[in-house]
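Here's the letter readout for the chains.
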Amino acid sequence: MTSETAAAAARATVHGYPRQGQGRELKKAIEGYWKGRVDAAALRSVAAGLRRANWQDLAGAGIDEVPTGDFSYYDHMLDTTVMVGAVPARHRAAVAADPLEGYFAMARGTQDVAPLEMTKWFDTNYHYLVPELGPDTVFSADSAKQVAEVREALALGLAARPVLVGPVTYLLLSKPAPGVAAGFDPLTLLDRLLPVYTEVLADLRAAGAEWVQVDEPALVQDRTPAELNATARAYRDLGALADRPRLLVASYFDRLGDALPVLAASPVEGLALDFTGAAAANLDALAAVGGLPGKRLVAGVVDGRNIWVNDLGKSLSTLGTLLGLADRVDVSASCSLLHVPLDTAAERDIDPQILRWLAFARQKTAEVAALARGLARGTDTIAAELAVNRAALASRAASPLTRDPAVRARAAAVTEAEARRSLPYPERAAAQRARLGLPLLPTTTIGSFPQTGELRSARADLRSGRIGTGEYEDRIRAEIQDVVSFQEKTGLDVLVHGEPERNDMVQYFAEQLTGCLATRHGWVQSYGTRYVRPPILAGDIARPEPMTVRWTAYAQSLTDRPVKGMLTGPVTMLAWSFVRDDQPLGETARQVALALRDEVDDLEAAGTRVIQVDEPALRETLPLRAADRPAYLAWATEAFRLTTGGAAPATQIHTHMCYAEFGDIVGAIDDLDADVISLEAARSHMQVAHELAGHGYPREAGPGVYDIHSPRVPSAEEAAALLRAGLGAIPAERLWVNPDCGLKTRAWPETRASLEHLVAAARTVRAELGGPSA
């Protein structure tokens, strides 16, 4: 096919779409189901309506081929576990009795059965549920969900392409099941899994699917020769099937690297590649392997992870180059649009001049469709879109919001000494012990307490003017009093104020920093029914005035026990925001760090003895390719140290991380030079404690003994058992006792019981060690 013919054939598509609906209807229906207010039939009806609306929106925007199967009640990896029959033994009875109840039991657990482990989806803030596999795992196909959804879309008269998590990625992201040797490699199950995919593909073909998208994002990471050989075998076998749909193997988030020639040589009909950010290197790599003759290329030229308008002219240039490298070139976003909000049209509080710089999912589909039209029919057919796009790009580049000379001068003047504490850890630890007087195995929480409906209503009432600032602040004071009183009665050693005034751990700070934009309806799924509104870091960052001091000082006035000041760290501020793409991330991180450094200074001046700077995103933002990691870790750890480097030796600096694999960044965790780190450990059975020990981590640590992402209440005995396991890796004099994460999403009854059990466990183990039990 000539490049002219390929251009004429260009179509628009996307890999996936936000699930929640404009008003988060899916979240409300699922949570209503959990509470017994919505029955299963009503939940399924809401879900079907959202799917139908999404597909019709896509088609109406000019998307020629809509994805199906990407919709999920909780997580697409969990859906894949169901599809391949890899339900853990402890959940099989629940799934057999009621598949929907069993599905949610795997996601959330029950009082009697623990859920699947949760971790981050590559370097995004989306969380997936980790499959548990072992040598005895028996796979079986269940294609009902995928078949039903493609039939729904086809019944609407749409060209539909089912989306599956690929077999190689599924196995590479799995872990050994409980009781299975830690060295077990799930990829050894590939030959057992491929027949299941064969059956699913046959079912989808019978249902009318002409193409099936098979997502293999794990291939953009560094892969061993054995893993690449397994990939070649998988797609040789699937490609050789006689009666199957055509296969589109998709990768995203980074360059494909050594896996590109493997997939290019495989007998599949198409590849979907990311051409944004670091993945722009795919363009030269594709040319180096001779392109994709005879195959379809789906070119991801619109960034599916950030919210800035696309440079349509630049994307058209990339697409023009790609025309000579494939039999057919189609236009897409770089990845599923799951990672961005739904629609900028709902944002009434952002200046219209700034709003035109932004593109959420609906705007991105319009960009994809425009690019496909321009590629197929010539740029004259999209002249109006190109003119509007050029004006938006020029407006952003010239805006005074993006540059603050004072901020830039301060960041440029930073010295290496400013990013270091004045004394080494052993001397700081002695000063902190003398100042704080904490017992062996001190207990604390991570920061937030339950965000009740009353608190959310109070914030809504304040925004709408139904109550004044004075009445709102009275409610916040009353909540802080209750939280502090509960912690004292329960026996916690280091307290928190509970964060009742905070809507989100990133948004709360972004709303008080210059250079940041907050959305009203920019919801993005983090996990399950947990949605966040990432701020937009649009310009240079500064802190006009203290952000947290007032409420922390108020809580401290209610108790003699230390109350932690709670801050979100600079890397997490970037990772959980939509960050500017017109300067290096390290420069933005330094600006945020300096703003937070000022806050640390003010907390200390107000008498705060313990300050926690949370960095849960340090690991998730780690580049997917090892070659890119040293540069990232250099600026990321410097940003944290710059935030905390001015703290006095006797001020104890904590940090917190959760729900990621930490083994490959233990050195960077050490380099943060925090006095205490708390980490997720309950679902992973203290794995991280042993990783810290293996590195020789010399500071204090609190591997969590209570999984807060499940509604179940762990017993005191269960928490004590985890604590004893932690003692097998970390000496008692350096071990803290805490939950995995903040308690914002939990209800008060389970929170009270769980923390009472946590304190009881600490007292029991403390007594076993010969220390006082209270």
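Residues numbered from 1 in each chain as written. Predicted model: local features only at pLDDT ≥ 70, side-chain atom pairs only at ≥ 80, totals over all residues. Heavy atoms only, no water.

Student: Explanation requested: unusual backbone geometry in the structure shown.
Tutor: The backbone of phenylalanine 122 shows a phi angle near 55°, a positive value even though the residue is not glycine. Mapping phenylalanine 122 onto the fold places it in the loop between β2 (118-120) and β3 (127-129). Look at aspartate 673: it is not a glycine, yet its phi comes out positive at around 65°. Mapping aspartate 673 onto the fold places it in the loop between α26 (666-672) and β20 (676-679). Residue classification places aspartate 673 among the buried residues on the basis of a relative accessible area of 13%. (Helix = DSSP H or I, 4+ residues; strand = E, 2+ residues; numbered from the N terminus. Buried < 20%, exposed > 50% of the residue type's maximum accessible area, 1.4 Å probe, protein only.)

Student: When you look at the sheet that holds strand β19 (residues 652-657) in this model, what are you seeing that I'm missing?
Tutor: As a general point, the strands of a sheet are linked pairwise by backbone hydrogen bonds and lie either parallel or antiparallel. Here we have five strands laid out as an open sheet, ordered β16-β18-β19-β20-β21, and parallel in their pairing. On the outer flanks of this sheet lie β16 (564-568) and β21 (700-703), each paired with one strand and no other. Averaged over all pairs of adjacent strands, the angle between their axes in this sheet comes to 20°, without regard to strand direction. Across three bridges, the pairing between strand β18 (residues 610-614) and β19 is parallel. Bridge pairing in β19 places glutamine 612 opposite histidine 654. (Pairing = 2+ DSSP bridges. Axes fitted to C-alpha atoms, helices over the stretch in contact; angles between N-to-C directions.)

Student: I keep staring at the pattern of salt bridges and nothing clicks. Help me out?
Tutor: Pairing between side chains of opposite charge can happen when the charged atoms of each approach one another. A complete count under the given rule lists 54 salt bridges for this structure. Here lysine 145 and aspartate 79 are joined by a salt bridge, their closest N and O atoms 3.9 Å apart. On the criterion of sequence distance, the pair formed by lysine 145 in helix α7 (residues 144-155) and aspartate 79 in helix α4 (residues 76-83) is long-range, its members being 66 residues apart. Of the charged contacts in the structure, one is a salt bridge between arginine 746 and glutamate 750, with a shortest N-O distance of 2.2 Å. The pair arginine 746 / glutamate 750 is uniform in exposure class, with both members buried. Where salt bridges share partners, they join Arg396, Arg408, Asp540, Arg580, Asp581 and Asp582 into one cluster. (Salt bridge = Lys/Arg side-chain N within 4 Å of Asp/Glu carboxyl O.)

Student: Please explain the packing of helix α13 (residues 312-322) against helix α16 (residues 383-398) as it appears in this structure.
Tutor: The description of two packed helices rests on the angle between their axes and on the distance between the axes. Relative orientation of the contacting elements α13 and α16 amounts to 125°, with a least axis distance of 9 Å. In this view, α13 runs oblique relative to α16, as classed from their interaxial angle. Facing Leu312, Gly313 and Leu316 of α13, the residues of α16 in contact are Glu385, Leu386 and Asn389. In terms of residue class, the contact of α13 with α16 is made up of three nonpolar, two polar and one charged. (Parallel < 35°, antiparallel > 145°, perpendicular 65-115°, else oblique. Contact = heavy atoms within 4.5 Å. Nonpolar A, V, L, I, M, F, W, Y, C, P; charged D, E, K, R; others polar.)

Student: I'm lost on the sheet that holds strand β11 (residues 326-333) in this one. Help?
Tutor: Taken together, the seven strands give an open sheet; going across it, the order is β1-β5-β7-β8-β9-β10-β11, and neighbouring strands pair in parallel fashion. Either end of the sheet is taken by a strand with one partner, and the two such strands are β1 (66-68) and β11. Going from strand to strand, the sheet's axes swing by 30° on average, the running direction of each strand aside. Together, β10 (292-302) and β11 form the strand contacts of helix α15 (residues 361-377), whose direction differs from that of β11 by roughly 155°.

Student: Just checking my understanding: could you explain the environment of arginine 502 for this structure?
Tutor: Looking at where arginine 502 falls in the secondary structure, it is placed in the loop between α20 (469-490) and α21 (507-510). Along the sequence, arginine 502 and leucine 455 sit 47 residues apart, while their C-alpha atoms lie 9.6 Å from each other. Residues within four places of arginine 502 in sequence aside, it is in contact with Gln451, Arg459, His497, Tyr508, Phe509, Thr548 and Met566. Engagement of the side chain of arginine 502 in a polar contact is seen with the backbone oxygen of methionine 566, the distance being 3.0 Å. (Polar contact = N/O pair within 3.5 Å; in protein donor to acceptor, adjacent residues only side chain to side chain.)

Student: Teacher, can you tell me more about helix α3 (residues 40-60) here?
Tutor: Quick reminder: α-helices carry 3.6 residues per turn. Residues three or four places apart thus point the same way. With 21 residues, α3 extends 30 Å between its outermost C-alpha atoms, agreeing within 8% with the 30 Å of an ideal straight helix rising 1.5 Å per residue. For α3, the set of buried residues is Leu43, Ala47, Leu50, Arg51, Asn54, Trp55 and Leu58. With its buried residues spanning 130° around the axis, α3 presents them on a single face. Away from its buried face by more than 90 degrees, α3 exposes Ala41 and Gly60. Residues of α3 that are buried in the fold lie against α2 (25-34), β1, α6 (99-108), α7 and α15. Looking one or two residues past α3, glycine 62 carries a phi angle of roughly 105°, positive in sign. (Expected span 1.5 Å × (residues − 1). Arc of directions from axis to C-beta.)

Student: Any chance you could explain the packing of aromatic side chains here in plain terms?
Tutor: Pairs of aromatic rings are described using the distance from one ring centre to the other and the angle between the two planes. If you walk through the whole model with that rule in mind, you get 16 aromatic pairs. Pairing phenylalanine 71 with tyrosine 73 gives two aromatic rings, centres 6.5 Å apart and planes at 75°, and the pair type is edge-to-face. Judged by relative accessible area, which is 17%, tyrosine 73 ranks as buried. Geometrically, the ring pair formed by tyrosine 508 and phenylalanine 509 is edge-to-face, given 5.4 Å between the ring centres and 85° between the ring planes. For the pair tyrosine 508 and phenylalanine 509, a shared accessibility class is recorded, and that class is buried. Each residue in the set Tyr33, Trp34, Phe71, Tyr73, Tyr74, Tyr103 and Phe104 is aromatic and connected to the rest through ring pairs, giving one cluster. The ring of tryptophan 308 is capped by arginine 396, whose NZ or CZ atom sits 3.7 Å from the centre of that ring. (Phe/Tyr/Trp six-rings, centres within 6.5 Å; stacked < 30°, edge-to-face > 60°. Lys NZ or Arg CZ within 6 Å of the ring centre and 35° of its normal.)

Student: Can you help me understand the nonpolar core in this one?
Tutor: The nonpolar side chains of a soluble globular protein tend to be buried with one another. Formed by 116 residues in total, the largest nonpolar core has its most connected members in Tyr170, Leu319 and Leu322. Counting residues per element, this core draws most heavily on helix α9 (residues 190-207), which supplies nine residues. Filtering out sequence-adjacent residues up to four positions away, leucine 322 remains in contact with Phe275, Leu283, Leu286, Leu297, Ala299 and Val329. Of all hydrophobic cores here, the second largest spans 100 residues; its members include Trp551, Ile669, Leu679 and Ala761. (Core = buried A, V, L, I, M, F, W, Y, C linked by side-chain atoms within 4.5 Å.)

Student: Is there a simple way to think about the environment of methionine 77 in this case?
Tutor: Positionally, methionine 77 belongs in helix α4. Given the relative accessible area of 0%, methionine 77 is considered buried. Methionine 77 has contacts with Trp121, Tyr128, Leu129, Pro131, Val165, Tyr170 and Leu173, leaving out every residue within four places of it along the chain.

Student: Any chance you could explain the pairing of β16 here in plain terms?
Tutor: A large share of β16 lies buried, amounting to five of its five residues. Side-chain alternation along β16 places Lys564, Met566 and Thr568 on one buried face and Gly565 and Leu567 on a second face that is also buried. Strand direction decides the pairing type here: β16 and β18, joined by five bridges, are parallel. When the sheet's bridge partners are listed, leucine 567 is paired in β18 with valine 613.

Student: What's the story with the side chain of glutamate 604 in this structure? I'm lost.
Tutor: Summarising the element assignment, glutamate 604 is placed in helix α24 (residues 585-605). For the buried residue glutamate 604, which engages in no salt bridge, the nearest side chain bearing the opposite charge is arginine 435, 5.6 Å off. Here the side chain of glutamate 604 touches alanine 648 through a polar contact of 2.8 Å, landing on its backbone nitrogen. One polar contact links glutamate 604 to threonine 651, side chain to side chain, over a distance of 2.5 Å. Apart from the residues lying within four places of it in its own chain, the contact partners of glutamate 604 are Ile611, Gly646, Ala647, Ala648 and Thr651. (Lys, Arg positive; Asp, Glu negative; His and termini not counted.)

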